[in-house]
Protein chains: 2
Amino acid sequence: MTLIDNGLEILSQDQCDALLRQGAVGRVAVTVAALPAIFPVNYAVLDGDIVFLTGDGTKLRAALVRAVVAFEVDHIDPGPPSGWSVMAVGVAEEITDPGDLRAVADLGLRPFAGGDRSHVVRIRPEFVSGRRIT
Amino acid sequence: MTLIDNGLEILSQDQCDALLRQGAVGRVAVTVAALPAIFPVNYAVLDGDIVFLTGDGTKLRAALVRAVVAFEVDHIDPGPPSGWSVMAVGVAEEITDPGDLRAVADLGLRPFAGGDRSHVVRIRPEFVSGRRIT
């Protein structure tokens, strides 16, 4: 059975999980100084969690400490229009456990930008949803 | 002069404006039922405002009424890493003025997804910032 929401196909949990795992770049929405903000991040999936690297003292890191954030990944082609998007919402936290940090290092995740990005943030998805252009 | 922020080049206002105008798909971050959410939208720029179409009764539309939202567009290639992102923050409002609606129609903006997307939302950027991978 295919569920449609205003012209968009609603993806199953399994489809969402598979698309999250295949993505490389997503966006995190946080609140910084009472204003919404969106940051692109390159990421990986570890035990179902979204993990990415960030710097010391960045706005992003400050905003992420135990905050509920939205993470989104999509692939959309303008013409002819096709594509999908998956969103995960959950609490963000910094990974400090040495074993967990080793597991992240084993993923081969490297920051795309230079500068210091030695902190690892994990988002544990509480809600995951996805849509596909039909 | 090039400003660098943690390995990322800070783009000028003119560069940000040019990149906003060349994009086709961006993402809007809003708060829905006290939770952050990110929606991809295809958009155009009209007199410096970001405009896009949405449906009647969608969560997105409800969340957008006079809310301060973040809009982001980026183009990021994983390997070798290169790309840019531009974020605009401002108040979102529905366009109802007939002249403004005609101006939007003249842009040729068409929703990528099916379903009803006959409402036009405008974000008037108050703050615009951009970064590029160096």
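Residues numbered from 1 in each chain as written. Chains lettered and ligands numbered in written order. Predicted model: local features only at pLDDT ≥ 70, side-chain atom pairs only at ≥ 80, totals over all residues. Heavy atoms only, no water.

Visitor: How do you make sense of the pairing of strand β5 (residues 49–54) of chain B when you look at a structure like this?
Guide: Put simply, side chains in a regular strand alternate between the two faces of the sheet. Residues and elements named next belong to chain B. Burial runs high along β5: six of the six residues are buried. Every second residue of β5 is oriented toward a common face, with Asp49, Val51 and Leu53 on one face and Ile50, Phe52 and Thr54 on the other, all of them buried. As paired elements, strand β4 (residues 35–46) and β5 share four bridges and run antiparallel to each other. Paired with Ala44 across the two strands is Val51, which belongs to β5. In this structure, the hairpin formed by β4 and β5 is closed by a connection of two residues, where Asp47 is found at a positive phi of approximately 50°. Pairing analysis gives five bridges linking β5 to strand β8 (residues 119–133), with the strands arranged antiparallel. Within β8, the position partnered with Leu53 by the bridge is Val120. (Buried < 20%, exposed > 50% of the residue type's maximum accessible area, 1.4 Å probe, protein only. Helix = DSSP H or I, 4+ residues; strand = E, 2+ residues; numbered from the N terminus. Pairing = 2+ DSSP bridges.)

Visitor: Can you help me understand the pattern of salt bridges in this one?
Guide: Here the idea is simple: oppositely charged side chains can pair when their charged atoms come close. Evaluation of the coordinates by the stated rule reveals 22 salt bridges over all chains. The partner of Glu93(B) in a salt bridge is Arg122(B), and the shortest N-O contact between them spans 3.2 Å. Of this pair, Glu93(B) sits in strand β7 (residues 82–95) while Arg122(B) sits in strand β8, and the two are 29 residues apart along the sequence. Both residues of the pair, Glu93(B) and Arg122(B), count as buried. Residues joined in a network through salt bridges with shared partners are Arg27(A), Glu72(A), Asp74(A), Arg27(B), Glu72(B) and Asp74(B). (Salt bridge = Lys/Arg side-chain N within 4 Å of Asp/Glu carboxyl O.)

Visitor: Sorry, what's going on with the interface of chain A and chain B here?
Guide: Accessible area lost on assembly of the parts is the figure often given for the size of an interface. Each side of the interface is counted separately: chain A has 37 residues, and chain B has 37 residues. Between chain A and chain B, the buried area comes to about 2700 Å², and carbon and sulfur atoms account for 70% of it. Three residues stand out in chain A for area buried against chain B, namely Asn6(A), Ile38(A) and Phe112(A), and they jointly supply 24% of the buried area on that side. Where Glu72(B) meets Arg27(A), a salt bridge forms, and the shortest distance between an N and an O atom there is 3.9 Å. Counting the contacts that link chain A with chain B gives three residue pairs in polar contact (both at pLDDT 80 or more). Of all the secondary-structure elements, those providing two or more residues to the side of chain A that touches chain B are β3 (25–32), β4 (35–46), β6 (68–77), β7 (82–95) and β8 (119–133) of chain A. At eight residues, the largest contribution of residues to the side of chain A that touches chain B is made by β6(A). Looking at the side of chain A that touches chain B, its residues break down into 23 nonpolar, seven polar and seven charged. (Contact = heavy atoms within 4.5 Å. Buried area = accessible area lost by both parts, 1.4 Å probe. Polar contact = N/O pair within 3.5 Å; in protein donor to acceptor, adjacent residues only side chain to side chain. Nonpolar A, V, L, I, M, F, W, Y, C, P; charged D, E, K, R; others polar.)

Visitor: What is the right way to read the nonpolar core from this model?
Guide: Buried together is how nonpolar side chains tend to be arranged in soluble globular proteins. Core analysis: the biggest nonpolar cluster contains 60 residues, and Phe52(A) and Phe52(B) have the highest contact counts within it. Sequence-distant contacts of Phe52(B), that is, excluding residues within four places in its chain, are made with Val28(B), Val41(B), Asn42(B), Tyr43(B), Leu60(B), Leu64(B), Leu109(B), His119(B), Val120(B), Val121(B) and Ile123(B). (Core = buried A, V, L, I, M, F, W, Y, C linked by side-chain atoms within 4.5 Å.)

Visitor: Honestly, the packing of aromatic side chains in this entry has me stumped. Any pointers?
Guide: The description of two aromatic rings rests on the distance between their centres and on the angle between their planes. All names here are of chain A. For the structure on display, the rule yields two aromatic pairs over all chains. Seen in terms of ring centroids, Tyr43 and Phe71 are 4.7 Å apart; in terms of plane orientation they differ by 70°. Their pairing is edge-to-face. Highlighted residues: Tyr43 in strand β4 and Phe71 in strand β6, separated in sequence by 28 residues. Note on Tyr43: relative accessible area 5%, which makes it buried. (Phe/Tyr/Trp six-rings, centres within 6.5 Å; stacked < 30°, edge-to-face > 60°.)

Visitor: Please explain a nonpolar patch on the surface as it appears in this structure.
Guide: Taken together, Leu35(A), Val68(B) and Phe127(B) make up a surface patch of nonpolar side chains, about 250 Å² in accessible area. Of note, Val68(B) is situated in strand β6 (residues 68–77). (Patch = residues over 30% accessible without salt bridge, like charges linked within 9 Å, V, L, I, M, F, W, Y side chains within 5 Å. Areas by Shrake-Rupley, 256 points an atom, 1.4 Å probe, with all protein chains shown as cover.)

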